[in-house]
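# Structural characterization, general
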Amino acid sequence: MKKWKRSGILAGLLAFTLVWSNLSIVPTETVSAAGETVQVWLTDSGLSSKLAPQASQTFSKHRNHGYNAIFVDENSTFQTIEGFGASLTDSSAYLINEKLSPSARTAVMTNLFSPTNGIGVNWLRQPMGASDFSHVGNYNYKNSPTAPFSIAHDEINIIPLLQQARALNPNLKIMASPWSAPGWMKENGSMLGGDTAKLKTANYGDFATYFANFVDAYNSKGLPIYAVTPQNEPRWASTGYPGMYMTPQEQANFVKNNLGPALSGKNVKIFAFDHNWDIDYFLPEYYTDAAATAYTDGSAWHCYGGEASVMSTMHYRIPSKGTYQTECTSGIWTEQTTGQFDVDMKNLTKTMRHWSKNFIAWNLALDTNNGPTNGGCTTCTGLIEINQASGNVKYTESYYSMGHFSKFVLPGAVRIASTGYAWGLHNAAFKNPDGSKVLVAYNETSSDHSFDVVWGDQSYSYTLPAKSAATFKWSGTQSKPATVIPGDRELRASSYHEAFDIVPQTSEDTHGGLNISFTKNNSWLLYKNVDIAGINGVTARVANGHTNTSIEVRTNSPSGPLLGTIPVNGTGGWQNWTSVSASLTGASGVKDIYLVFKGGANLNSIQFTSANLLQNPGFESGNTTNWSAWYPSGAASVHSVDNDYPHSGTYKLVHHNAAAAYQQTTYQAVGVSNGVYRATVWVRSSGGQNQLRLEASNYGGAARYDSIDGLSIPWNWTQLVIDNINVTNGTITIGVHSNAAAGNWAAIDDFKLTRLQ
């Protein structure tokens, strides 16, 4: 390979190289370094670590390592978080109040409710009367039309513990839900369920008064009721325990004519539905009643069927109504699936990501036989387990999974943007009222998982052990208005920020994970703050049963400017995957990207593309064709091409001299039209580099660099970037320079020069 001659543009680049090598004072690409410290707490599924503090991390200038990355943007906000908790059922209250010593009871209540010395539970969903977890069987507060209303039963165990909980956590909210009206109000004459377990029309007013009396009675005990639901699980009424059917219109009639007026002036919210994700017809029908809708503050959901994504769909249909996750139990059946900790962490993260203001489990406490039960679930578990004989207390996986959120995400926090599920990593991010940020991440895979957390233009890297969760907390202000996702990063379909009318499902495509499915006309996915400058195409991994559909790529909104359309023809099966490409026009700047489905299609990922203006950029010719070399006079060239662990493809470039220290620049000069460009390259090193940098020069302005200095040069592949290079003379020279100690090597691969505008 020939040496540079000191003439023309090469002499200019050489001059800059020598100045840097001798003086190390040439300006580099600088980005503000926030340097915030990140606190970390870890729990693994085997509970060998339980909310255990870990070594702190530190934010520094972001370097793309090619890992999975979570892009956190505190300036994009969503719902306000009200809290996390469970239910102090009659069974839970009996166990805590009657089966524990006073000191053990105090310890349990502190560990549950204290924000400082416990996990800070601050929301309780209380059954109004008996549920399937009652140690005394079925009970209510008014046994006949002429009997007085009385909460005497609750005053034995439930109310004293609620008062203690509220003293420990003044932010405690209480929501009340009946499993059944008193039997005399129902067509079957019983609190139990069954085909005729419906509220008599003549007793709608009596049942509304029952609610009002309950609210007043609890308020008199210093326990204000924050919200109620008209009925627990209105589309399920088992004959084995209390239950009552309500159709959407029956519930709407009850709310608008009776419950709403009865609670007027009592400062109590009404949440409709209170049932499973897969009963998705109920709320659309309910909300067609404008009068009932006017009394309704939100929708309550359970996690026992369907997918959490339906909550986002309902949010975007009726954005004025809040979304609440009001029951999601743990259970021993998870031991035969993926484990309780795994199930909990997935439910918590996806519930938060789909607009819920809270997360409520089920029983706070159950015994070693998963009871006492009252004709219902015999395999449910609680946040704690109490041995009735010994009084021993065990804190379950569900206690610690909830603690990763409830202890750190404070009431009044807002969910902030974070890219979602990708490559086995679940997460949700929040900003507390005091400005601190909280990120909860869970690694569902059986291997340790490395990833970057990117915040503004800062990041840190972390390796999360298999089947483990971590909570990260930090303060400070985001260094840039937006956390930008590079346009050359593959976007997993399941890592969307927001979605409408879709369902994630297990994918049989390469690398597994989740794909997006069950789309309809005008379903969409949103990815925030994607840098699409210079983008001119897109490739997508798709599957389709047999019909021809498409996916539109739009910006700003689902009906915003159309960049292009991805064809999705029939692939012969919903898990028969193929890659399809489309050209895009009009892409520029940082935009919110909407993928809008025009019919049914499965999507696993998309990759934006742009023209690379360099020749042989990945050295896939097997040699240095199109590349030139500079090295000091009297020294030898130390660059070559090999096939030992390239960044991509078959080959990579290497700078290496085992016998002596060396300097080497590998560069390519190209003619381009005037405009704004971006240059990138991937590098790694064995260590011992005094300097390893990407260079851009001879473009009509001062030479620019992105460099990694000294010991910070990584073993892992890391991307160097020079952005917004304003070419004014029709040429540009791009190169990589190494200045290294003897025996050190630098690997270089995948140069790219793209036009931004």
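Here the structure is a predicted model, which means the values were calculated and not measured. (Residues numbered from 1 in each chain as written. Predicted model: local features only at pLDDT ≥ 70, side-chain atom pairs only at ≥ 80, totals over all residues. Heavy atoms only, no water.)

### Concerning empty space enclosed by the protein
All told, the structure shown has four cavities of 30 Å³ or more when counted by the stated rule. The space that makes up the largest cavity amounts to roughly 130 Å³. What lines the largest cavity is simply Gly-487, Asp-488, Asp-531, Ala-533, Ile-535, Ser-610, Arg-678, Ala-679, Thr-680, Lys-752, Leu-753 and Thr-754. Elements represented by at least two residues in the lining of the largest cavity include exactly strand 39 (675-685) and strand 44 (745-755). (1 Å grid on protein atoms, 1.4 Å probe; cavity = no way out; pocket = protein on both sides within 12 Å on 5 of 7 lines; lining within 4 Å. Points joined across faces, edges and corners; volume = space filled by probe spheres on them. Helix = DSSP H or I, 4+ residues; strand = E, 2+ residues; numbered from the N terminus.)

### Some details on the packing of helix 3 (residues 102-113) against helix 4 (residues 158-168)
As a packed pair, helix 3 and helix 4 sit with axes 9 Å apart at the nearest point and diverge in direction by 55 degrees. Overall, the two elements helix 3 and helix 4 adopt an arrangement that is oblique. As for how helix 3 packs across helix 4, the hand of that crossing is right-handed. Note on element contacts: helix 4 touches helix 3 through Leu-161, Gln-164, Ala-165 and Leu-168, opposite Arg-105, Thr-106, Met-109, Thr-110 and Phe-113. Per-class residue counts for the contact of helix 3 with helix 4 are five nonpolar, three polar and one charged. (Axes fitted to C-alpha atoms, helices over the stretch in contact; angles between N-to-C directions. Parallel < 35°, antiparallel > 145°, perpendicular 65-115°, else oblique. Left-handed = near helix turned anticlockwise from the far one by under 90°. Contact = heavy atoms within 4.5 Å. Nonpolar A, V, L, I, M, F, W, Y, C, P; charged D, E, K, R; others polar.)

### Points about the environment of Asp-501
The topology assignment puts Asp-501 in the loop between strand 25 (498-500) and strand 26 (503-506). Look at Asp-501 and you get buried, because its relative accessible area is 15%. The spacing of Asp-501 and Asp-342 is 159 residues in sequence and 25 Å in space, taken between C-alpha atoms. Those residues in contact with Asp-501 that lie beyond four places of it in its chain are Thr-313, Arg-317, Phe-518, Thr-519, Lys-520 and Ser-523. (Buried < 20%, exposed > 50% of the residue type's maximum accessible area, 1.4 Å probe, protein only.)

### So, the packing of helix 5 (residues 204-220) against helix 6 (residues 248-263)
Where helix 5 meets helix 6, the closest approach of the two axes is 9 Å, and the angle between their N-to-C directions is 45 degrees. Classified by the interaxial angle, the pair formed by helix 5 and helix 6 is oblique. When the axes of helix 5 and helix 6 are compared, the crossing they make is right-handed. Residues Tyr-204, Gly-205, Phe-207, Ala-208, Phe-211, Ala-212 and Val-215 of helix 5 pack against Glu-250, Asn-253, Phe-254, Asn-258, Leu-259, Ala-262 and Leu-263 of helix 6. A per-class count over the contact of helix 5 with helix 6 returns 10 nonpolar, three polar and one charged.

### Structural notes on the pairing of strand 28 (residues 521-531)
Burial of strand 28 is extensive: nine of the 11 residues sit out of reach of the surface. By the bridge criterion, three bridges tie strand 25 to strand 28 in an arrangement that is antiparallel. Bridge pairing in strand 28 links Phe-500 to Trp-524. As judged from the seven bridges shared by strand 28 and strand 33 (residues 590-598), these two strands associate in the antiparallel manner. (Pairing = 2+ DSSP bridges.)

### Some thoughts on the layout of surface pockets
By volume, the largest pocket is sized at about 880 Å³. In terms of lining, the largest pocket is formed by 34 residues, of which the most central are Lys-480, Asp-531, Arg-678, Val-721 and Asp-723. Looking at the lining of the largest pocket element by element, the count peaks at five residues for strand 42 (residues 718-727). Taken together, the residues that form the lining of the largest pocket break down as 11 nonpolar, 12 polar and 11 charged. Empty space within the second largest pocket amounts to approximately 570 Å³. Lining the second largest pocket are 29 residues, and of these Asn-64, Asp-488, Arg-489, Glu-490 and Gln-607 sit closest to its centre.

### Brief notes about the state of the cysteines
A complete count under the given rule lists two disulfides for this structure. One disulfide bridge connects Cys-303 with Cys-328, the sulfur atoms lying 2.1 Å from each other. As the torsion about the S-S bond is roughly 90 degrees, the Cys-303-Cys-328 disulfide counts as right-handed. On the criterion of sequence distance, the pair formed by Cys-303 in the loop between strand 10 (298-302) and helix 9 (309-317) and Cys-328 in the loop between strand 11 (322-327) and strand 12 (330-331) is long-range, its members being 25 residues apart. Each member of the pair Cys-303 and Cys-328 is classed as buried. One disulfide bridge connects Cys-377 with Cys-380, the sulfur atoms lying 2.2 Å from each other. (Disulfide = S-S within 2.5 Å.)

### Remarks on the environment of Ala-703
Examined against the element boundaries, Ala-703 turns out to sit in the loop between strand 40 (689-697) and strand 41 (704-709). Separated by 142 residues in the primary sequence, Ala-703 and Pro-561 place their C-alpha atoms 37 Å from one another.

### A closer look at the packing of aromatic side chains
Summed over all chains, the structure comprises 42 aromatic pairs. Centre to centre, the rings of Trp-41 and Phe-408 are 4.5 Å apart; their planes meet at 35 degrees, and the pair counts as tilted. Residue Trp-41 is found in strand 1 (residues 37-44), and its partner Phe-408 is found in the loop between helix 11 (397-406) and strand 18 (414-418); the two are separated by 367 residues along the sequence. Feature note: the residues Tyr-139, Tyr-141, Phe-149, Tyr-204, Phe-207, Tyr-210, Phe-211, Phe-214, Tyr-218 and Phe-254 constitute an aromatic cluster, connected by ring pairs. Directly above the ring of Tyr-226 sits Lys-173, whose terminal nitrogen or CZ lies 5.0 Å from the centroid. For Arg-684, the ring lying beneath its charged end belongs to Trp-715, and the centroid distance is 4.8 Å. (Phe/Tyr/Trp six-rings, centres within 6.5 Å; stacked < 30°, edge-to-face > 60°. Lys NZ or Arg CZ within 6 Å of the ring centre and 35° of its normal.)

### A few points about the sheet that holds strand 39
Ordered by their spatial adjacency, five strands build an open sheet running 36-37-44-39-42, and the pairing between neighbours is antiparallel. Both edges of this open sheet fall to strand 36 (639-642) and strand 42, since each of them pairs with a single strand only. Going from strand to strand, the sheet's axes swing by 30 degrees on average, the running direction of each strand aside. Both strand 36 and strand 37 (residues 652-656) contribute to a ladder of four bridges, which runs antiparallel. Counterpart to Val-641 in the pairing with strand 37 is Leu-653.

### Section: the pairing of strand 6 (residues 123-127)
Looking along a regular strand, one sees side chains alternate from face to face of the sheet. The element strand 6 is largely enclosed, with a buried count of five among its five residues. Of the two faces of strand 6, the one lined by Trp-123, Arg-125 and Pro-127 and the one lined by Leu-124 and Gln-126 are each fully buried. Note: strand 5 (residues 83-87) against strand 6, two bridges, orientation parallel. Counterpart to Ala-86 in the pairing with strand 6 is Leu-124. As paired strands, strand 6 and strand 7 (residues 173-177) are joined by five bridges and run parallel to one another. When the bridges of strand 7 are listed, Arg-125 appears paired with Met-175. A crossover links strand 6 with its parallel partner strand 7, the connecting element being helix 4, and its sense is right-handed. (Right-handed = clockwise from strand over helix to strand, strands pointing away.)

### Re the side chain of Ser-330
With respect to the helices, strands and loops of the structure, Ser-330 is situated in strand 12. Polar side-chain contacts of Ser-330 include one of 2.7 Å to the side chain of Thr-381. Side chain to side chain, Ser-330 and Ser-398 meet in a polar contact 3.3 Å long. Look past the residues within four positions of Ser-330 in its chain and what remains in contact with it is Gln-340, Asp-344, Thr-379, Cys-380, Thr-381, Gly-382 and Ser-398. (Polar contact = N/O pair within 3.5 Å; in protein donor to acceptor, adjacent residues only side chain to side chain.)

### Quick look at the confidence of the model for the protein chain
Mean pLDDT over the protein chain works out to 93, with 95% of the residues at or above the 70 mark. With pLDDT under 50 throughout, residues 1-33 is counted as low confidence; its partners more than four residues away or in other chains account for 76 contacts. (pLDDT = per-residue confidence, 0-100.)

### What about the pattern of salt bridges?
Applying the stated rule across the entire model yields 24 salt bridges. The partner of Asp-706 in a salt bridge is Arg-63, and the shortest N-O contact between them spans 2.8 Å. Of the two residues, Asp-706 sits in strand 41 while Arg-63 sits in the loop between strand 3 (60-61) and strand 4 (68-80), which places them 643 residues apart along the sequence. Judged on exposure class, the residue Asp-706 and its partner Arg-63 are both buried. A salt bridge links Arg-415 to Glu-498, with the shortest nitrogen-to-oxygen separation between them at 2.9 Å. (Salt bridge = Lys/Arg side-chain N within 4 Å of Asp/Glu carboxyl O.)

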